[in-house]
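Spelled out, the chains give:
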Amino acid sequence: MKTELLTISGKNGTFTDRELEELKKAGEVLKAGGLVAFPTETVYGLGGDALNPESSRRIYAAKGRPSDNPLIVHIYRFEDLEKVAENITENTKKLADAFWPGPLTMILPKRAEIPSETTGGLNTVAVRMPSDPVAAKLIEYAGGFVAAPSANLSGKPSPTLAKYVIQDMDGRIDVIIDGGENEIGLESTIVDMTVDPPQVLRPGYITNEMIGEVLGLTIETDRAILAPDSGIAPKAPGMKYRHYAPKGALTVVEGDPEDVVEYINRASRESRENGERVGIIATSENRARYEADVILTAGSASDQDAIAHHLYSILREFDDENVTRIYSESFAKGHLSQAIMNRLLKAAGHSVVYAGKEKL
Ligand code: TXA
Ligand code: MG
């Protein structure tokens with residue numbers, strides 16, 4: 001299949017006539033059952049018509065994804081929520097009011113209009129209304145309901161730049177829309193609205209505290225996410241897979257900052273002596289203190305937005321650089337620490353070491 005590449009910025013919400021024409025064409029492709037990758041404020045999505053079971057089958061095939069892993073249905077206006085979901089409570093309305101359009105996905109009982117192919121056989125549906133103007137326009141032109149997982153091959157880091165979508169999807173889908181770099185860089189927060197109180201199934205940019213504040217409730221995260229070795233199955237089926245994996249083996253190093261720098265440098269030296277090509281994920285504060293083949297800066301330790309924004313492109317860059325061994329500082333402090341560490345630890349296959357003295 002020949003994949004068509006379109007470049008559409010629309011960043012400030014205004015489009016040229018050419019861009020609108022191209023978005024309309026891409027919308028037609030979706031309506032006809034084709035697949036279109038597009039930017040959102042979180043990561044790039046791989047879109048298909050959410051109401052067409054054949055489109056959902058194609059999405060699974062293009063990604064190489066197990067078909068029991070449900071897709072998120074993307075809408076562009078709130079009134080369309082009741083067409084795909086039932087039981088839209090006051091709490092759901094409050095969260096939509098506070099965070100839509102934006103990086104929040106809500107799980108609700110599904111309506112029959114949504115084929116079970118889209119929800120991986122579940123009787124619930126995940127719905128999100130993205131804020132990216134290109135995404136919103138495309139969904140509108142596609143008829144209002146676009147199923148879209150992240151636009152990576154299954155098991156690879158989610159793409160935050162069109163070049164990574166092209167790497168994974170060229171020749172496998174009809175259209176790729178290049179809309180530049182995604183604003184946030186991590187997938188949306190998923191919150192299950194079918195339980196009381198609602199529960200976070202995947203941490204993201206919208207934190208438990210932000211949700212809790214709007215609802216006047218304390219919001220917990222699915223325990224299976226926080227304690228991955230507990231043997232409990234995560235409620236979001238996708239969270240059970242080893243995701244976001246770079247090709248090189250990744251270890252996260254925790255401990256006092258001085259001990260961490262020392263540990264990583266020692267491990268880097270030893271790995272290089274053993275013929276490995278070593279990469280390091282560093283905070284900007286410590287960057288100059290490391291020695292390795294490729295050192296990439298996620299951002300300042302105090303700037304969690306920057307770390308979230310850079311994490312996936314860093315993992316991809318190590319692949320491009322053929323790095324075989326990666327050491328990362330830990331980013332466990334700050335408002336996005338749950339979201340960042342969830343992705344980083346999955347990328348590491350939960351390989352964590354503690355630098356310095358034994359933890360008491
Ligand atoms: O930011 C995002 O959410 C991006 C962009 C493209 O919108 N999309 C995304 O989709 O991350 P995906 O397919 O990569 O991840 C969807 C996650 C999976 O872990 C899946 O298991 C979970 O959502 N999910 C979908 N429907 C669900 C449902 N009905 N119940 C529980 N989990 C669900
Ligand atoms: Mg994904």
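This is a predicted model, so every value here is computed, not measured.

*Asks:* Explain the sheet that holds strand S4 (residues 72-74) to me, using residue names and the numbers behind them.
*Replies:* Overall, mixed pairing links the 10 strands, which are arranged S1-S8-S2-S3-S7-S4-S6-S5-S9-S10 in an open sheet. Lying at the two open borders of the sheet, with one neighbouring strand each, are strand S1 (4-7) and strand S10 (199-202). The pairing of strand S9 (residues 189-192) with S10 spans 3 bridges and is antiparallel. By the bridge assignment for S10, Asp 192 is matched with Gln 199.

*Asks:* Can you lay out the sheet that holds strand S12 (residues 278-283) for me, pointing to particular residues and giving the numbers?
*Replies:* Strand order in this open sheet of 5 strands is S13-S12-S14-S11-S15, and the pairing throughout is parallel. Because the sheet does not close on itself, it has two edges, and the strands there are strand S13 (294-299) and strand S15 (352-354). Going across the sheet, the axis of each strand differs from the next one's by a mean of 25 degrees, ignoring polarity. In this sheet, strand S14 (residues 325-329) lies alongside strand S11 (residues 249-254) in parallel orientation, the contact comprising 5 bridges. Bridge pairing links Leu 250 to Ile 326 in S14. Packing against the sheet, helix H10 (residues 304-320) makes contact with S11, S12, S13 and S14, and its axis sits at approximately 160 degrees to S13. This element, helix H11 (residues 337-347), spans S11, S12, S14 and S15 of the sheet and lies at about 135 degrees to S11.

*Asks:* Residue-level account of the site of ligand 1, with values.
*Replies:* Neighbouring residues of ligand 1: 28 residues in total, closest Thr 42, Asn 69, His 74, Ser 188 and Gly 238. Within the side chain of Thr 42, an N or O atom sits 2.7 Å from an oxygen atom of ligand 1. In this structure, an oxygen atom belonging to ligand 1 sits 2.6 Å away from a side-chain N or O atom of Ser 188. Among the secondary structure elements, those contributing two or more residues to the shell around ligand 1 are S4 and strand S6 (124-128).

Cut-offs applied
Residues numbered from 1 in each chain as written. Chains lettered and ligands numbered in written order. Predicted model: local features only at pLDDT ≥ 70, side-chain atom pairs only at ≥ 80, totals over all residues. Heavy atoms only, no water. Pairing = 2+ DSSP bridges. Helix = DSSP H or I, 4+ residues; strand = E, 2+ residues; numbered from the N terminus. Axes fitted to C-alpha atoms, helices over the stretch in contact; angles between N-to-C directions. Contact = heavy atoms within 4.5 Å. Near = heavy atom within 4 Å. Polar contact = N/O pair within 3.5 Å; in protein donor to acceptor, adjacent residues only side chain to side chain.

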